Amino acid sequence: MRSEDAVQETYIGWYRLSDTERRQIGSPRAWLIKTASRIGLDMLTTARARREQYVGEWLPEPIPTPGTWTSHHDSAPIDPAERVSLDESVSMALLIVLESMTPAERVAFILHDVFRYTFPEVADVVGRTPEACRQLASSARRRVHSARSTTADRAEHTAVVRSFKAAWETGDLATLISLLDPDATAITDGGGIVSAALEPLLGADAIAEFLLGVYERQPDLTIREDLVNGELGLVATGAGETFAVVSLSHRAGKIEHVWAVRNPDKLGAWG
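All of these numbers come straight from a predicted model, not from anything done at the bench. (Residues numbered from 1 in each chain as written. Predicted model: local features only at pLDDT ≥ 70, side-chain atom pairs only at ≥ 80, totals over all residues. Heavy atoms only, no water.)

**Things to note about a nonpolar patch on the surface**
Step number 1: Together, Val7, Tyr11 and Tyr15 line one region of the surface with nonpolar side chains, adding up to about 340 Å² of accessible area.
Step number 2: Take tyrosine 15: it is sitting in helix α1 (residues 3-16).
Step number 3: Residue classification places tyrosine 15 among the exposed residues on the basis of a relative accessible area of 60%. (Patch = residues over 30% accessible without salt bridge, like charges linked within 9 Å, V, L, I, M, F, W, Y side chains within 5 Å. Areas by Shrake-Rupley, 256 points an atom, 1.4 Å probe, with all protein chains shown as cover. Salt bridge = Lys/Arg side-chain N within 4 Å of Asp/Glu carboxyl O. Helix = DSSP H or I, 4+ residues; strand = E, 2+ residues; numbered from the N terminus. Buried < 20%, exposed > 50% of the residue type's maximum accessible area, 1.4 Å probe, protein only.)

Printed below as a string of structure tokens:
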């Protein structure tokens, strides 16, 4: 179930109320937010339980940017690096941080920091004390700040992604290793449906060798630049299908994290 489903369930609940019940609600907006938050809390709790049964590593679904740089009225394609229109609020790094939070932590953070609910109001939704909700929101805020503080300069990010792509395509093991931080990690999410590493890959050598092995096993693999979660990333295609969507994070020009979503159930929006 997605956020749109939670909104739909909320409005269904609203219209199931009688006219008398709706008139007794002092603030429809507050009622809708509170109801959606409770539905979302239930969804997050259920999703967390499902992920405990997930095969291999789990990553958030990669988000494509609406529209493409080839759909404008001019014939020349627009450089994807120039079409970053989403902000860091949907970056893969931040989504992973949000997913690492407990359901109560996420709801407390969103209600307080986004919707400006007081902690007694948050407590009514989450089922904790106001002080506990304050601590939940504070913990979440620190994690979000940490994820956002690692956001790289756009020009630097573009250069790193393009260097990574070139080295991967040409099978340049030495350059791949030099681009990766010695303690880098790579996570591939196949969901038990397609082949993927079941555990994180650790270290530059292991990651570089794995990537080149993928390329050798997929001779028809094509890698293109695309916007992934509002940042420049890579999309690998083969045999007319999307093989993987890849996001990178780096610091001082060294790649620290590689996230590759391979689960076809998460790639429907990528054609």
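That covers the picture; the talk isn't over yet.
**Considering the side chain of histidine 157**
Step number 1: Counting through the fold element by element, histidine 157 comes out in helix α8 (residues 154-170).
Step number 2: Setting aside its immediate chain neighbours within four residues, histidine 157 contacts Glu231, Leu232, Leu248 and His250. (Contact = heavy atoms within 4.5 Å.)

**Thoughts on the pairing of strand β5 (residues 241-251)**
Step number 1: Counting buried residues along β5, nine of its 11 residues qualify, which places the element largely inside the surrounding structure.
Step number 2: In the sheet, strand β4 (residues 231-238) pairs with β5 via five bridges, with the strands oriented antiparallel. The partner of valine 235 across the bridge, within β5, is valine 245.
Step number 3: Adjacent in sequence and paired antiparallel, β4 and β5 are bridged by two residues, among which alanine 239 carries a positive phi angle near 55°. (Pairing = 2+ DSSP bridges.)

**What to know about the packing of aromatic side chains**
Step number 1: For the structure shown, the criterion picks out three aromatic pairs.
Step number 2: One aromatic cluster in this structure is built from Phe164, Trp168 and Tyr215.
Step number 3: Above the plane of the ring of phenylalanine 243 lies arginine 262, whose end atom (NZ or CZ) is 3.7 Å from the centre. (Phe/Tyr/Trp six-rings, centres within 6.5 Å; stacked < 30°, edge-to-face > 60°. Lys NZ or Arg CZ within 6 Å of the ring centre and 35° of its normal.)

Read these as layout, nothing more, since geometry by itself doesn't imply function.
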